[in-house]
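Residue-level structural notes
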Number of protein chains: 2
Amino acid sequence: MSAGHTAVTTPAPDEPVIVCETPQDECGVRDVLDRLGDKWSVYVVVELASGIRRFKELQRAIPGNISQRMLTLTVRRLERDGLVKRTVYAAVPPQVEYELTELGHSLTHLIKSLADWSIAHRPAIAASRTAWDASHPKPTGGE
Amino acid sequence: MSAGHTAVTTPAPDEPVIVCETPQDECGVRDVLDRLGDKWSVYVVVELASGIRRFKELQRAIPGNISQRMLTLTVRRLERDGLVKRTVYAAVPPQVEYELTELGHSLTHLIKSLADWSIAHRPAIAASRTAWDASHPKPTGGE
DNA sequence: CTGCATCCGGTATGATACTG
DNA sequence: CAGTATCATACCGGATGCAG
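Heads up: these notes are all about the structure in this document. Every value quoted in this text rests on a predicted model; they were computed, and no experiment measured them. (Residues numbered from 1 in each chain as written. Chains lettered and ligands numbered in written order. Predicted model: local features only at pLDDT ≥ 70, side-chain atom pairs only at ≥ 80, totals over all residues. Heavy atoms only, no water.)

Topic: the sheet that holds strand E2 (residues 84-89) of chain B
All names here are of chain B. Reading across from one edge, E1-E3-E2 is the order of the three strands in this open sheet, with antiparallel pairing throughout. Edge positions in the sheet fall to strand E1 (53-54) and E2, since each of these pairs with one other strand and no more. The pairing of E2 with strand E3 (residues 95-100) spans six bridges and is classified as antiparallel. Counterpart to Val-88 in the pairing with E3 is Val-96. (Pairing = 2+ DSSP bridges. Helix = DSSP H or I, 4+ residues; strand = E, 2+ residues; numbered from the N terminus.)

What follows is the structure, given as C-alpha cells:
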C-alpha cells in the first residue's frame, strides 16, 4: 500500500445526539419517513386529524388535486400500517369512511411539531435558498 | 334532482387538530417533508448531529451504501436550505467538511422525536402490516 | 479525495376509462 | 360514490467514467 499522508486525524466518535436503539438495523427513522415521505400521506393524516371523512370529502379537502388513484393507494398504505381505519357501509351509493386510529392520532402530534418547525423556519430556509441560488449560477447558456 | 337517500349526514367540521397558519398555501408540512422525504437526507442529518464529518466519512457512516452521486445531491440540497454548512480546504488531497448549522441542529430535535415514535410503534406497525397482508391475498396468478 | 456528467432502470405520480 | 386497470411520464437513485 502507498498509504502516506498520515491518513486523516482519526475522527473522535463525539457524543451521539441521536442514538440507534435498534442495533438490528439502522435508526427507525426510515420506517416513518417511508410512510410520510410520499406526497400525500401527511395531508391525509392532517385532514383525518379533524375527524372522520369519506373518500370524496378527503379528495376535495386535500390541496393539490389528488387523483383517485393516489388517494386510494395512500389510504391503503396508511390502513395497512394501522394508522387509518376504513369502514365500508353496504349502501346503495357506496359509502366508505376513513378515520385515524389511536396510532394515527399519536402521529398527529409529531406532524404538528414538524409543521410548527416548518412554519417557523420557512423564512430562513427560503432566504438560504435564494442566497444559495444567487451564488450558484446555473450554466444555462449564459454565464 | 334525483337525489334521494336523504344524502349524507352533513359531516360537521369538527375541531381542527392541526391548523394551517399559512392560508396562502397549504400547511407548511410539505416544505419539511420534501427535504426529509428523500432516501438519505435524514441519515445525513443524523450523522452530522454527532459532529463534523468529511465527505468520505459521511459516506461510510451512512447505512445502506449511499453512492457519491446521492451523497453529493443530498448535502447540496441541505446546504442550499441552510441546514448544513460546507467547508472546503485547499489541500492537496481535497478535503471538505460538513457540519450542521443552527437551523440543522434545531431539526435534530424533531428527527429524534420521529425516531422515538418510530421505534416505539414499530412493533405495532409491523403487526398491522402482517395482519393486513394476511387478509389481502394478492392474485399472483392464482385462481 | 471530492465532485460532476452521463446513461439506465425502478418506482411514484398522474390522466383516463371502466366496473360494482 | 368508491375503486380498479391501463398507459404515460417524471423523478429518484445507482453504476460508471472523467476531472480538479
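Resuming the write-up.
Brief notes about the pairing of E3(B)
Here E1(B) runs beside E3(B); their pairing, made up of two bridges, is antiparallel. Paired with B:Arg53 across the bridge in E3(B) is B:Tyr98.

Concerning the protein's contact with DNA strand D
Neighbouring DNA strand D are 16 residues, the closest being A:Phe55, A:Lys56, A:Arg86, A:Tyr98 and B:Lys39. In the model, a sugar or linking oxygen of DNA strand D is placed 3.0 Å from a nitrogen or oxygen of the A:Arg54 side chain. A:Lys56 places a main-chain nitrogen or oxygen 2.6 Å from a phosphate oxygen of DNA strand D. Within the residue set of the surface near DNA strand D, elements represented by two or more residues are helix H3 (55-61), helix H4 (68-80) and strand E3 (95-100) of chain A together with helix H4 (68-80) of chain B. At three residues, H4(A) tops the list of elements feeding residues into the surface near DNA strand D. Grouping the amino acids of the surface near DNA strand D by side-chain chemistry returns seven nonpolar, one polar and eight charged. (Near = heavy atom within 4 Å. Polar contact = N/O pair within 3.5 Å; in protein donor to acceptor, adjacent residues only side chain to side chain. Nonpolar A, V, L, I, M, F, W, Y, C, P; charged D, E, K, R; others polar.)

Quick look at the packing of aromatic side chains
All names here are of chain A. Enumeration according to the criterion identifies two aromatic pairs over all chains in this entry. Between Phe-55 and Tyr-98 the ring centres are 6.5 Å apart and the planes differ by 50 degrees, which places this aromatic pair in the tilted class. In this pair, Phe-55 is assigned in helix H3 and Tyr-98 in strand E3, connecting sequence segments 43 residues apart. A relative accessible area of 22% means that Phe-55 is categorised as partly exposed. Tyr-98 sits in the buried class, given a relative accessible area of 3%. (Phe/Tyr/Trp six-rings, centres within 6.5 Å; stacked < 30°, edge-to-face > 60°. Buried < 20%, exposed > 50% of the residue type's maximum accessible area, 1.4 Å probe, protein only.)

Quick word on unusual backbone geometry
Unlike most non-glycine residues, A:Asn65 shows phi in positive territory, near 55 degrees. With respect to the helices, strands and loops of the structure, A:Asn65 is situated in the loop between H3 and H4.

Notes on H4(B)
In an α-helix, one full turn covers 3.6 residues, which means residues spaced three or four apart are oriented alike. Compared with an ideal rise of 1.5 Å per residue, which puts 13 residues at 18 Å, H4(B) spans 18 Å between its outermost C-alpha atoms and is within 8% of the ideal. Among all positions in H4(B), only B:Leu71, B:Thr74, B:Val75, B:Leu78 and B:Glu79 are buried. Down the axis of H4(B), the buried set is contained in an arc of 135 degrees. They therefore lie on one face. Buried residues in H4(B) make contact with helix H5 (102-135) of chain A together with helix H1 (29-36), helix H2 (41-48), helix H3 (55-61), E2 and E3 of chain B. B:Gly82 sits one or two residues past H4(B) and shows a positive phi near 80 degrees. (Expected span 1.5 Å × (residues − 1). Arc of directions from axis to C-beta. Contact = heavy atoms within 4.5 Å.)

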